[in-house]
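Structure at a glance
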Amino acid sequence: MTLTDRERDVLDLERDWWLSAPSKRQAIQERLGLTPGAYYGVLRRLAASPEAFAYDPLVIHRIRRRLIRRRRDRYEGPTIEHRRR
């Protein structure tokens, strides 16, 4: 199954949102017309997609790392490194 235009737009925004807007929330709303919840739902689904990985492996790798870290923090508590953020 190939990526839709919307899914490619979501990956493109995740890669370079800071170039076009002062905040990620604003970029999501202006460029995609999505709520942040809908945007992150699409990102979570794309994290498991081989097509998304083929389209932009660096962004998908970053999303997967972030999801793993958040899951680990939820169950084990944040590590010292992440408490400083």
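Given the structure is predicted, the values throughout are model-derived calculations rather than measurements. (Residues numbered from 1 in each chain as written. Predicted model: local features only at pLDDT ≥ 70, side-chain atom pairs only at ≥ 80, totals over all residues. Heavy atoms only, no water.)

As for the overall build of the protein chain
- Counting its regular elements, the protein chain contains 6 helices and 0 strands.
- Ordered by position from N to C terminus, the α and β elements of the protein chain give α-α-α-α-α-α.
- With the C-alpha coordinates of the protein chain rotated into their principal frame, the extents come out at 40 × 30 × 20 Å.
- The buried share of the protein chain, reckoned over its 85 residues, is 33%.
- Within the protein chain, residue pairs in contact and separated by at least 24 positions form 45% of the contacts whose partners lie at least 6 positions apart.
- For the protein chain, the computed accessible surface area is about 6,000 Å², with 54% contributed by carbon and sulfur atoms.
- Both charge centroids of the protein chain, one from 20 positive and one from 12 negative side chains, sit 7 Å from each other. (Helix = DSSP H or I, 4+ residues; strand = E, 2+ residues; numbered from the N terminus. Buried < 20%, exposed > 50% of the residue type's maximum accessible area, 1.4 Å probe, protein only. Contact = heavy atoms within 4.5 Å. Areas by Shrake-Rupley, 256 points an atom, 1.4 Å probe, with all protein chains shown as cover. Lys, Arg positive; Asp, Glu negative; His and termini not counted. Charge placed at Lys NZ, Arg CZ, Asp CG, Glu CD.)

Here we look at the packing of helix α2 (residues 24–32) against helix α3 (residues 36–47)
- For the pair α2 and α3, interaxial distance at closest approach is 10 Å and the crossing angle is 85°. When the interaxial angle is binned, α2 and α3 end up roughly perpendicular. When α2 is examined against α3, the residues Lys24, Arg25, Ile28, Gln29 and Leu32 are found in contact with a partner set consisting of Pro36, Tyr39 and Tyr40.
- Across the contact of α2 with α3, the residue classes tally to 5 nonpolar, 1 polar and 2 charged. (Axes fitted to C-alpha atoms, helices over the stretch in contact; angles between N-to-C directions. Parallel < 35°, antiparallel > 145°, perpendicular 65-115°, else oblique. Nonpolar A, V, L, I, M, F, W, Y, C, P; charged D, E, K, R; others polar.)

A closer look at the pattern of salt bridges
- Using the criterion set out here, one finds 7 salt bridges in the structure.
- With its nearest N and O atoms 2.9 Å apart, the salt bridge here joins Glu7 to Arg45. Highlighted residues: Glu7 in helix α1 (residues 5–16) and Arg45 in helix α3, separated in sequence by 38 residues.
- Relative accessible area serves as the criterion here: at 13%, Glu7 is assigned to the buried category.
- Among the salt bridges present, the one from Arg66 reaches Glu14, with a minimum N-O distance of 2.9 Å. Of this pair, Arg66 sits in helix α5 (residues 57–76) while Glu14 sits in helix α1, and the two are 52 residues apart along the sequence. We note that Arg66, like Glu14, is buried.
- Three or more residues joined by partner-sharing salt bridges are found here, namely Asp12, Arg15 and Asp56. (Salt bridge = Lys/Arg side-chain N within 4 Å of Asp/Glu carboxyl O.)

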